[in-house]
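# Inside the fold
Listed here are the chains, written in short residue letters.
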Amino acid sequence: MARIRNRRKPVAEMNVVPYIDVMLVLLVIFMVTAPMLNQGVKVDLPKVSSEVLPQDNNAQILTISIKADKSYYWNMGSEVDTETAQDTAQKLDELVDAVGKIIAQARSQGKQVQVFVRGDKSVDYGAVMALMGGLQGADVGNVGLITEAP
């Protein structure tokens, strides 16, 4: 008696189960390692309620920069400009007087002014805080700080 073999035809479908297993293992690895990728220095900042400054496209932007020798220059325009020096001041009092005049003139014309401060990396923290206090005295309510990526 001859036995008839039941031959199977080759399956032309791709087996995706191993690929799904590899994908799930990689997903778990990335989920575990992602929180460990945060780098930085722990700094205890004071707790204050603050919000991101709203961007008003119709507002004039006053960019104030502090040089390493603690002299100041600023530029007034429609966007943040840290390269152009429209006017300069050697002392904080001169800067505060000029900013007060700029703000008063803009308010008399019905314009909004957003103020941004950019400090040189070698300027000490006290000089930046003195500038912020001077701007507060010049009736500047909102001040943004400009940083540069390393």
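Keep in mind the model is a prediction, meaning the values are calculated, not measured. (Residues numbered from 1 in each chain as written. Predicted model: local features only at pLDDT ≥ 70, side-chain atom pairs only at ≥ 80, totals over all residues. Heavy atoms only, no water.)

Secondary structure summary: the protein contains three helices and five strands in total. Along the chain direction, N to C, the helices and strands of the protein fall in the order α-β-β-β-α-β-α-β. The 150 residues of the protein split such that 25% are buried. Taking the contacts inside the protein whose residues are at least 6 apart along the sequence as the reference set, 56% of them involve residues at least 24 apart. For the protein, the accessible area works out to roughly 12400 Å², and carbon and sulfur atoms hold 55% of it. (Helix = DSSP H or I, 4+ residues; strand = E, 2+ residues; numbered from the N terminus. Buried < 20%, exposed > 50% of the residue type's maximum accessible area, 1.4 Å probe, protein only. Contact = heavy atoms within 4.5 Å. Areas by Shrake-Rupley, 256 points an atom, 1.4 Å probe, with all protein chains shown as cover.)

Read from one edge to the other, the open sheet built from five strands follows the order β3-β2-β1-β4-β5, with strand pairing classed as mixed. The open sheet has two free edges, formed respectively by β3 (87–89) and β5 (143–145), since each of these has just one partner strand. Strand after strand, the sheet turns through a mean of 25° between neighbouring axes, direction not considered. Sheet topology note: the strand β1 (residues 60–66)/strand β4 (residues 113–119) ladder contains seven bridges and is parallel. For Thr63, the partnering residue across the bridge sits in β4 and is Phe116. Strand contacts of helix α2 (residues 92–108): β1, β2 (72–77), β3 and β4, with the helix running at about 10° to β2, the strand carrying the most contacts. Seen against the sheet, helix α3 (residues 125–137) touches β1, β2, β4 and β5 and runs at an angle of roughly 145° to β1. (Pairing = 2+ DSSP bridges. Axes fitted to C-alpha atoms, helices over the stretch in contact; angles between N-to-C directions.)

One non-glycine residue, Lys70, lies in the positive phi region at around 65°. Positive phi is not limited to glycine here, since Asp139 has a value of about 70°. As for its placement among the helices and strands, Asp139 is situated in the loop between α3 and β5.

This next bit is on the confidence of the model for the protein. Here the protein averages 76 in pLDDT, while 73% of its residues score no lower than 70. Of all the helices and strands in the protein, β3 carries the lowest mean pLDDT, 72, while helix α1 (residues 17–33) carries the highest, 91. (pLDDT = per-residue confidence, 0-100.)

Further remarks concern the pairing of β1. A large share of β1 lies buried, amounting to six of its seven residues. Hairpin connection from β1 to β2: five residues lie between these consecutive antiparallel strands, with Lys70 at a positive phi of about 65°.

Looking now at the side chain of Arg118. For Arg118, the location among the structural elements is in strand β4. In this structure the side chain of Arg118 is engaged in a polar contact, spanning 3.5 Å, whose partner is the side chain of Tyr73. (Polar contact = N/O pair within 3.5 Å; in protein donor to acceptor, adjacent residues only side chain to side chain.)

Counted at 1.5 Å a residue, the expected span for α2 with its 17 residues is 24 Å, and the 24 Å between its end C-alpha atoms agrees. The complete set of buried residues in α2 reads Leu95, Val96, Ala98, Val99, Ile102, Ile103 and Ala106. Buried residues along α2 cover an arc of 165° about the axis, so they all sit on one side. Turned more than 90 degrees off the buried face of α2, the exposed positions are Asp93, Lys101 and Ser108. (Expected span 1.5 Å × (residues − 1). Arc of directions from axis to C-beta.)

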